[in-house]
Amino acid sequence: MIRFILIQNRAGKTRLAKWYMHFDDDEKQKLIEEVHAVVTVRDARHTNFVEFRNFKIVYRRYAGLYFCICVDIMDNNLYYLEAIHNFVEVLNEYFHNVCELDLVFNFYKVYTVVDEMFLAGEVRETSQTKVLKQLMTLTSLE
Amino acid sequence: MVNALSRTVLAQSAFPQETRNPARNVKRAHSVPCSLFSLAFKPVSCARNSSLNLLPREIIADQHDWRLTMPAVKGDGMRGLAVFISDIRNCKSKEAELKRINKELANIRSKFKGDKTLDGYQKKKYVCKLLFIFLLGHDIDFGHMEAVNLLSSNKYTEKQIGYLFISILVNLNSDLIKLIIQSIKNDIQSRNPIHVNLALQCIANIGSRDMCEAFSQDLPKLLTSGDTVDSVKQSAALCLLRLFRTSCDVIQPNETASRIVHLLNDSHLGVVTAAASLIEALSKKWPEEFKGCVSLAISRLSRIVTSTYTDLQDYTYYFVPAPWLCVKLLRLLQNYPPPEEPANKTRLLECLEGILNRAQDAPKSKKVQHANAKNSVLFEAISLIIHMDSEPNLLVRACNQLGSFLSHRETNLRYLALESMCLLATSEFSHEAVKKHQETIIASLKTERDVSVRQRAIDLLYAMCDRTNAENIVAEMLTYLETADYSIREEMVLKVAILAEKYATDYTWYVDVILKLIRIAGDYVSEEVWYRVIQIVVNREDVQGYASKTVFEALQRPACHENMVKVGGYILGEFGNLIAGDQRSSPQIQFDLLHGKYHLCSVSTRCLLLSTYVKFCNLFPEIKQHIQNVFSSDHNLRNPDAELQQRAVEYLQLSKVASPDVLATILEEMPQFPEKESSLLSKLKKAKPQVEELENQVAEKKSRPAAVMRDLSATTTSKLVDLSDAVHTNGGGIGPGGDAFDIFASNGGETGIVGCNKAEALRLMLKPNGILYEDAIIQIGCKLQTKKNLARLGMFYGNKTNSAFTHFLVNAESPGELADQIVVQAKPVDPDVAAGAQFQQLINLVCLQDFSNQPIAHISFTYTSASGVPLNFNKTIYLPIYINKFFEPTDMAAEQFFSRWKTLSQPAQESQKVFPAKGPIDHESIKTKLLGLGAKVLENVDPNPENFVCAGIIHTQVLQIGTLVRLEPNRQAKMYRLTVRSNRETTAQQLCSLLAEQF
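Residues numbered from 1 in each chain as written. Chains lettered and ligands numbered in written order. Predicted model: local features only at pLDDT ≥ 70, side-chain atom pairs only at ≥ 80, totals over all residues. Heavy atoms only, no water.

Caption draft 1: The arrangement of the overall build of chain B in detail. Counting its secondary structure elements, chain B contains 45 helices and 16 strands. Burial status across chain B gives 55% buried among its 999 residues. Across chain B, every contact between residues at least 6 apart in sequence was considered, and the portion connecting residues at least 24 apart equals 69%. When the accessible surface of chain B is totalled, it reaches about 43,400 Å², and 51% of it is carbon and sulfur. (Helix = DSSP H or I, 4+ residues; strand = E, 2+ residues; numbered from the N terminus. Buried < 20%, exposed > 50% of the residue type's maximum accessible area, 1.4 Å probe, protein only. Contact = heavy atoms within 4.5 Å. Areas by Shrake-Rupley, 256 points an atom, 1.4 Å probe, with all protein chains shown as cover.)

Caption draft 2: Just the pattern of salt bridges, in detail. Taken as a whole and assessed by the stated rule, the structure comprises 50 salt bridges over all chains. With a shortest N-O distance of 2.7 Å, Arg53 of chain A and Glu34 of chain A are connected by a salt bridge. Linking Arg53 of chain A in the loop between β3 (49-52) and β4 (55-62) with Glu34 of chain A in helix α1 (residues 25-40), this pair joins segments that are 19 residues apart in sequence. Exposure remark for Arg53 of chain A: the relative accessible area of 40% places this residue in the partly exposed category. In this structure, Arg971 of chain B and Glu946 of chain B form a salt bridge, with 2.7 Å as the shortest nitrogen-oxygen distance. Of this pair, Arg971 of chain B sits in the loop between β15 (960-970) and β16 (975-982) while Glu946 of chain B sits in the loop between β13 (936-938) and β14 (948-955), placing them 25 residues apart in sequence. Note on Glu946 of chain B: relative accessible area 30%, which makes it partly exposed. Salt bridges sharing common partners tie together Glu51 of chain A together with Glu419, Arg456, Asp459, Glu491 and Lys495 of chain B. (Salt bridge = Lys/Arg side-chain N within 4 Å of Asp/Glu carboxyl O.)

Caption draft 3: Here's a closer look at the pairing of strand β9 (residues 856-864) of chain B. Residues and elements named next belong to chain B. In terms of residue burial, β9 counts as a mostly covered element, since eight of its nine residues are buried. Bridging between strand β6 (residues 806-813) and β9 involves six bridges; their strand directions are antiparallel. Paired with Thr806 across the bridge in β9 is Thr862. When β9 meets strand β10 (residues 870-878), the two strands line up antiparallel, connected through nine bridges. In the strand pairing of β10, Ala857 is matched with Ile877. (Pairing = 2+ DSSP bridges.)

Caption draft 4: Quick look at the sheet that holds β4 of chain A. Residue and element names in this part refer to chain A. Sheet architecture is open: five strands sit in the order β2-β1-β5-β4-β3, paired in antiparallel fashion. The outermost strands of the open sheet, each flanked by one partner alone, are β2 (14-19) and β3. Across the sheet, the mean angle separating the axes of adjacent strands is 20° when strand polarity is ignored. Looking at chain direction, β3 and β4 are connected through four bridges and run antiparallel. Pairing of Phe49 across the sheet is with Val58, part of β4. Against the sheet, helix α4 (residues 107-117) makes contact with β1 (2-9) and β2, and its axis sits at roughly 40° relative to β2, the strand it touches most. (Axes fitted to C-alpha atoms, helices over the stretch in contact; angles between N-to-C directions.)

Caption draft 5: Structural context of a negative patch on the surface. A cluster of acidic residues, Asp24, Asp25 and Asp26 of chain A together with Asp139 of chain B, forms a negative patch at the surface. In this fold, Asp139 of chain B is placed in the loop between α6 (120-135) and α7 (144-151). (Patch = residues over 30% accessible without salt bridge, like charges linked within 9 Å, V, L, I, M, F, W, Y side chains within 5 Å. Lys, Arg positive; Asp, Glu negative; His and termini not counted. Charge placed at Lys NZ, Arg CZ, Asp CG, Glu CD.)

Rendered as structure tokens:
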């Protein structure tokens, strides 16, 4: 299962942190820093997977943003790697060519997108059409 | 893929006017946005594939703001929020940011406190600002009430912000939690699925115990009712999963299993996707009740695998039909043995073959997404094939497929193939097939640029090693070791040592390998490795001469690792006579060679060498005089190190006083070590990565040798004490105490619950009463009475504040496996505690069997801070219940004590620790502490009056554990030696490490 999802930029600023297991605030901060340290030193020669404490991070970089998912050691790496991409494509569609600032100014909407696609640390919905349709319905209620 | 239709919908209806999005305007005003998808923008009609083509890992700042031509997501008009965010972004310094935030907080506080009632929009805006401030890392201590108010709004956006705030600032005020749960209840019953979903998502995000209680009725109903909307079912399934993980009694498997299982048949693939995760978890817990899921999962899988990519439309991802769902179903099937029912079995095999066939098809797209999605399914299918371990044909095909990935250009694939092959190597059917790829795997050690890939290659070489290829693999690993990354050297050394021992047919080869290990990676050779080589040499006569000759030669190299000196010293001391006939290794030369290293070595090595020297006195009487001179040099005889000095003095005296016969008897060759399993291997078998109880079975099969190895290196052998005793007499010098396991580690690790009063609780191990927890708000004291296996714990809570506590709640429990070991029952408490008041609560405990973790109590209440703000107190504390609390003292005479002591002489029954004293060694205070232990402190039993011995019986419901304790203080060395013997080995270990903390 997913333990947490982090979106960070190269400078280490967190653009989204979604936690699926309990950590206290200090621990969260520590995790955020550790993930950043682990992920940013890697380049294209490296795999998209890093062992991390008792878990592993599956991550992918888009422009200056790192999308990181922390999952259990025995989980399927490519499953989560493509879950990230699926999520990014939805964001891109929803925000129309998404960029980092969209995530900053619309942070509360990003949580909605996450909750549509992932819940309780599991993949909830994978159809981009269905997710976007739902998001549009919600947007129309505004 | 998003089809063209929905894209048009997106573009047309959702974003009528760009000007309605102030956030966008603000954003454009002060910075250049950098698109995530470089070159991402294309006209709406353009196929998305091309826009995603270039995305990852390229940074190209947009030269133009493409958005000028594109309506943005419709804003909901929280202009104030957007302005605030851009203000913060424009702050030049931390101070400026803090100032701006404080200004905003003051503003919001005054708005919330003001007379004017705020409308929903304003409330939403301010709550959202507070949330933003919190996410920036600042504390928020107000606004909770306003957020809760938003929950009852009828407007989606207001409700959403309310729920978001609640979910993120989980530190809920407990007087609000009732309100929150009530709001959630209302929303769950709402006819509007959007409201129901928000409520369910909130439950899934928080997942607290209160929620388990409140919704254990509603959720299963919602999930299985025919009226429920699909999207709500999806949320309900995962919501239930979350609550199940918090507490498994939210589900009554008998009542709901069949209805939940049938969700796999749902026509909506989203519902199936969500339900598959739920069923996967539930079937682990109740395999029997949920076994109906096997045939449903197989038929669902079969339908997906045999479909074409157009069949599933929305659920096809880059031409791969429902990859995530396939993986989930394949994973679910790994919870069960291979299906026996012929129809199911045939169908499943067809699926697996189909997946393997597709892997060979020409790709339908060149996109990495296509390959990844396809391969995610393939790897999961291979996992299932390995799990079934019954289809030789499939196993070999899987192996060939993975073999082709070994030289794929994608690093990810090479990594995963190596990882997956590790498991294939452990199956008898595919072991040989894996070996065909040995060359490629060895080559990857040399060519891979990512260390983690090389690490996997090492793991695989280790897993595929057998008698036929051991020499080759060990040789390759030794070659790689010389240049290997420091991070993996220790693990590699262990692996090489294990392989060399396991597959040695010729022990001279084994000796060569280990000595080479020490030579090229001496720093990474742990004690157990060099202990083991000595054990083997001592036990095998045929190799002793060779070993002596080889270490002698190794010691002649100019630079030689200290571990080599240790091994050389020990072996020459035992068998140096075997090579002494050769003039080139005469006794004098052997001695000079060792003594040449003497002064460069650490104290513990020098101690070992002194033992070698005294053995030389026996083996080679002709150099005895010379050795006595060395013993009597000031450097040894007056060495500040007590151990070294003692050895020098005693050995000197021994060599002088004893007649040659006596000397020969004392310094006889070491007896053979009992031929037990290699300590390395037995550790390897025992050590398992910590996995959740439920996952044990699966993980056992899947756990990589790597994970096991790491555990191995963390724990050192205790079995080898016999050897180490032979070379050192001070146990303290031997290095890290292997059994110093963290007494709380498994507690936190297993249940995720960690108490905040570890030290205080530990202090109460030897005292019946004292302070268990204290801070500025509350003091918790306790008093324990025990009788046999029953205990009564009086808890005293004192309110230290000037106002009352409300909603005071204590929830005492035995987490995880402890539930089967200790029963905890707490008397209810009054929810209100007046200012300054103290009151008592009784907790009754029954010890069913021996245990190692502590029961815990969750304490929560609402109090008022000094500034008048209601705050929530929520802490988990350990209860001071340790195994020794159930001791019954047993009086006995010296004779009886020693006869019992002897009967408990098996190695497993004894646990010993040598550790430095934390404070001054005072006879009376030690005695007081030991009296607190609960066992009888026996007087006039130990011949040394400084020592203490205790005896007692630990009562549990299932058995009585006779336990003896001996504590030997050493005032000069400021050390203790603690020995616990017990007829239950875990108790001895547990008690020994707990007690060692106390002195």
